[in-house]
Amino acid sequence: MPVVGVETPDDPSQEEPLSPNSTILLAPRSDAMQRLADALEAELVPVPPVSDREDFEEWRDGVAAGRAVAHVIVAVWSEGEAPDPLLELDESAWTRRLEGPFLLWNLALGAAAARCDDGGSIVALVQSPSALDAAGFTPEAAIGDGVVALIRSVAASEGPRGVRANAVTTPLRLVERATLAPAPPLPGYPGRIDVEVAGAIRMLLSEDACGLTGRVLAADGGRTLT
Amino acid sequence: MREDARMKDTTLTPAHKVVVITGATGGVGRGIAIACGEVGWEVWIAARRKVEGEAVAQEVSEAGGRGRYVECDVATGDSVAAAIRTVVRESGRLDAVVHNATSGLSPVPKRLSEVTTRELESHVGVALRGAWLLAREIHPLLRESRGSFLLMTSEAGFEGKARLQPYAGVKGAQRGLVRALAREWGRDGIRVNALAPLASSPAMESAFEHEPAMAERVLGRNPLGRLGDTVEDVGRAARFLLSDDAGYVTAHTLMVDGGSCPAT
């Protein structure tokens, strides 16, 4: 079975050496993710569809076997779901919105930890509603807090070799506008993938964040207070 | 039970309640069950292991409540539905549910770079799918009783764990599930909360014996310098969240860890 998203040259010795500051983005192929990759000068390495869970491990192991890179960004990105109360989710919706993405998040962060070079940095970009906007988005809220616990686990396990692991949350593609008061302090909610979100990721990847690990930045114009 | 604690219990939690606790055949779940029994509540031990479940039910009755056992595999929809039907048929109502069950893989050290999909499915199946399956069955009953749903999470769900990464992930996810579901169910008068305990258990005591450095690590950062007691510390805190005294508490994660977790 081919490894999803990993293109292996016939002769690995012919690969172009990666820059010490090289960055990869583990995410689905989409316009949004390509814009993010472009904004961060990252190579997009596609993740498998969340429905193909039998491919997850092989994909993880294939990515993990690649050359070490300085920066790894992980985004198991969804193009959006209509808000639905938890009680209205059927088996298919539960699997599509929670179990599939959450399983993939685990394995993608495992790939990121294996692939990130000593002294490097990992950032998880996770779609998560703020507390005020969480109704109808129980699966996404669960994934959001789950990924935070996972990234802190990675921070703890990889910290001794100098690897930092942080998270950025965004309501993009989940919440189009804030309907409950108070309004977000900054205009432009819910933000742009290649500006506000990319900026938060860029900061966490940079040496300016050399003392930050296990942290969570909500790139949502102040909608989330933690 | 301490005499002063008995007096305190009777004033704090006067209403009779029917409570279901998943995975309560030992440890923290057992402690919550006994704490609820102390104030006369009817407590259903919902678990797969009948012998152990009936033993805890007996302890609940000895503590002053009415202990019952019902077979339940929380990762299976038919089993959850059957268990809740049994409770309603026998007890006539449902006031609170505590989802305490976790995967048998929870204490198994594992990093994300080596975990298998099947192992993850076990964690997710019990902790998250189990919560969803329970939610679907109990919502109309809790709406009628203006009841409470409590998910047992962990400090791992805040701070992560280097050695127990999949476990930390599902415990964090339970916190997110709580904050969203509390918002969805609030208008129905149902409260949804989480509790993160640090308590003694046979597994932890055994681990301390085999690795004294672990005891130093765990207790060294604990301001109270001890593990919690499953009944007196964790059980009674959980009982508070289920009681009418916590009638204005929802979407909350209560840390009952002796101040150990550095998360804020």
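In this text, all values refer to a predicted model and were calculated from it rather than measured experimentally. (Residues numbered from 1 in each chain as written. Chains lettered and ligands numbered in written order. Predicted model: local features only at pLDDT ≥ 70, side-chain atom pairs only at ≥ 80, totals over all residues. Heavy atoms only, no water.)

Engineer: I'm lost on the pattern of salt bridges in this one. Help?
Structural biologist: Pairing is possible between side chains that carry opposite charge, provided their charged atoms lie close to one another. Inspection of every chain in the model, using the stated rule, returns 32 salt bridges over all chains. Residue Arg-129 of chain B pairs with Glu-99 of chain A through a salt bridge whose shortest N-O separation is 2.8 Å. Taken together, the residues span two chains, with Arg-129 of chain B in helix 5 (residues 117-145) and Glu-99 of chain A in helix 3 (residues 91-115). Taken individually, Arg-129 of chain B and Glu-99 of chain A each receive the classification buried, so the pair is uniform in this respect. Measuring nitrogen to oxygen at the nearest pair gives 2.9 Å for the salt bridge that ties Lys-17 of chain B to Asp-244 of chain B. Taken together, the residues span a long stretch of sequence, with Lys-17 of chain B in the loop between helix 1 (3-12) and strand 1 (18-22) and Asp-244 of chain B in the loop between helix 10 (230-242) and strand 7 (253-256) at a distance of 227 residues. By relative accessible area, Lys-17 of chain B is classed as buried at 9%. The network of salt bridges with common partners includes Arg-53, Glu-91 and Glu-99 of chain A together with Glu-121 and Arg-129 of chain B. (Salt bridge = Lys/Arg side-chain N within 4 Å of Asp/Glu carboxyl O. Helix = DSSP H or I, 4+ residues; strand = E, 2+ residues; numbered from the N terminus. Buried < 20%, exposed > 50% of the residue type's maximum accessible area, 1.4 Å probe, protein only.)

Engineer: What should I look at first to understand the packing of helix 4 (residues 138-158) of chain A against helix 7 (residues 165-185) of chain B in this one?
Structural biologist: Two packed helices can be described by the angle between their axes and the distance between those axes. Closest axis-to-axis distance for the helix 4 of chain A/helix 7 of chain B pair is 6 Å, and the angle between their directions is 150 degrees. Viewed along their axes, helix 4 of chain A and helix 7 of chain B adopt a mutual orientation that is roughly antiparallel. Considering only the axes of helix 4 of chain A and helix 7 of chain B, their crossing is right-handed. Of the residues in helix 7 of chain B, those in contact with Thr-138, Ala-141, Ala-142, Asp-145, Gly-146, Ala-149, Leu-150, Ser-153, Val-154 and Ser-157 of chain A of helix 4 of chain A are Gln-165, Ala-168, Gly-169, Gly-172, Ala-173, Arg-175, Gly-176, Leu-177, Arg-179, Ala-180, Leu-181 and Glu-184 of chain B. (Axes fitted to C-alpha atoms, helices over the stretch in contact; angles between N-to-C directions. Parallel < 35°, antiparallel > 145°, perpendicular 65-115°, else oblique. Left-handed = near helix turned anticlockwise from the far one by under 90°. Contact = heavy atoms within 4.5 Å.)

Engineer: Help me out: how do you make sense of the environment of Gly-136 of chain A in this one?
Structural biologist: With respect to the helices, strands and loops of the structure, Gly-136 of chain A is situated in the loop between strand 4 (116-127) and helix 4. Between the C-alpha atoms of Gly-136 of chain A and Leu-174 of chain A, which are 38 residues apart in sequence, the distance is 9.8 Å.

Engineer: How should the environment of Gln-174 of chain B be read in this particular structure?
Structural biologist: All names here are of chain B. Here Gln-174 is to be found in helix 7. For Gln-174, a relative accessible area of 0% gives the class buried. Taking the C-alpha atoms as reference points, Gln-174 and Val-218, separated by 44 residues in sequence, lie 23 Å from one another. Beyond its immediate sequence surroundings of up to four residues, Gln-174 is in contact with His-99, Ala-127, Leu-128, Leu-151, Met-152 and Thr-153. A polar contact is formed between the side chain of Gln-174 and the backbone oxygen of Ala-127, at a distance of 3.1 Å. (Polar contact = N/O pair within 3.5 Å; in protein donor to acceptor, adjacent residues only side chain to side chain.)

Engineer: Explain helix 4 of chain A here, please?
Structural biologist: Since the α-helix turns once every 3.6 residues, residues separated by three or four places project in the same direction. Over its 21 residues, helix 4 of chain A extends 30 Å from the first C-alpha to the last, a length consistent with the 30 Å expected when each residue adds 1.5 Å. In terms of burial, helix 4 of chain A is a largely internal element, 20 of the 21 residues being buried. (Expected span 1.5 Å × (residues − 1).)

Engineer: I would appreciate a short explanation of the sheet that holds strand 1 (residues 23-27) of chain A in the present structure.
Structural biologist: Note on sheets: strands pair through backbone hydrogen bonds, and any given pair is parallel or antiparallel. All names here are of chain A. One open sheet accounts for six strands, arranged 2-1-3-4-5-6; its pairing is parallel. In the strand order of this sheet, the two ends are held by strand 2 (43-46) and strand 6 (216-218), each with one partner. Across the sheet, the mean angle from the axis of one strand to that of its neighbour is 20 degrees, orientation sign disregarded. (Pairing = 2+ DSSP bridges.)

Engineer: Explain the packing of helix 2 (residues 27-38) of chain B against helix 10 of chain B to me, please; I cannot follow it from the model alone.
Structural biologist: Residue and element names in this part refer to chain B. Viewed as axis vectors pointing N to C, helix 2 and helix 10 meet at an angle of 65 degrees, and their least axial separation amounts to 7 Å. Taken together, the axis directions place helix 2 and helix 10 in an arrangement best described as roughly perpendicular. In this structure, helix 2 crosses over helix 10, and the sense of that crossing is right-handed. On helix 10, the residues touching Gly-27, Val-28, Arg-30, Gly-31, Ile-32, Ile-34, Ala-35, Cys-36 and Glu-38 of helix 2 are Thr-230, Val-231, Val-234, Gly-235, Arg-236, Ala-238, Arg-239 and Leu-242. Among the residues forming the contact of helix 2 with helix 10, the class breakdown is nine nonpolar, four polar and four charged. (Nonpolar A, V, L, I, M, F, W, Y, C, P; charged D, E, K, R; others polar.)

Engineer: Can you help me understand the pairing of strand 2 of chain A in this one?
Structural biologist: The two faces of a sheet get side chains in turn, since along a regular strand they alternate between them. Residues and elements named next belong to chain A. Across four bridges, strand 1 lies against strand 2 in parallel orientation. Residue pairing across strands places Ile-24 opposite Glu-43, the latter belonging to strand 2. Between the parallel pair strand 1 and strand 2, the chain is carried across by helix 1 (residues 31-39), and the sense of this crossover is right-handed. (Right-handed = clockwise from strand over helix to strand, strands pointing away.)

Engineer: Even after reading the chapter, I still don't get the nonpolar core, so can you show me in this structure?
Structural biologist: A general feature of soluble globular proteins is that nonpolar side chains tend to end up buried together. Membership of the largest hydrophobic core comes to 81 residues, with the highest contact counts inside it found for Leu-26 of chain A together with Phe-149 of chain B. Setting aside its immediate chain neighbours within four residues, Leu-26 of chain A contacts Val-45, Val-47, Trp-59, Val-63, Val-72, Ile-73, Val-74, Ala-75, Ala-108, Ala-111 and Ala-112 of chain A. Listed in part, the 28 residues of the second largest apolar core include Ala-33, Ile-45, Ala-47 and Val-60 of chain B. (Core = buried A, V, L, I, M, F, W, Y, C linked by side-chain atoms within 4.5 Å.)

Engineer: Whenever I open this one, the packing of aromatic side chains confuses me. Can you help?
Structural biologist: By convention here, two paired aromatic rings are described through the distance between centres and the angle between planes. Following the criterion strictly, the structure yields two aromatic pairs over all chains and no others. Between the aromatic rings of Trp-94 of chain A and Trp-132 of chain B, the centroid separation amounts to 4.6 Å while the plane-to-plane angle is 5 degrees, which identifies the pairing as stacked. Of the two residues, Trp-94 of chain A is situated in helix 3 and Trp-132 of chain B in helix 5; the pairing between them involves two chains. Both residues of the pair, Trp-94 of chain A and Trp-132 of chain B, belong to the buried class. (Phe/Tyr/Trp six-rings, centres within 6.5 Å; stacked < 30°, edge-to-face > 60°.)

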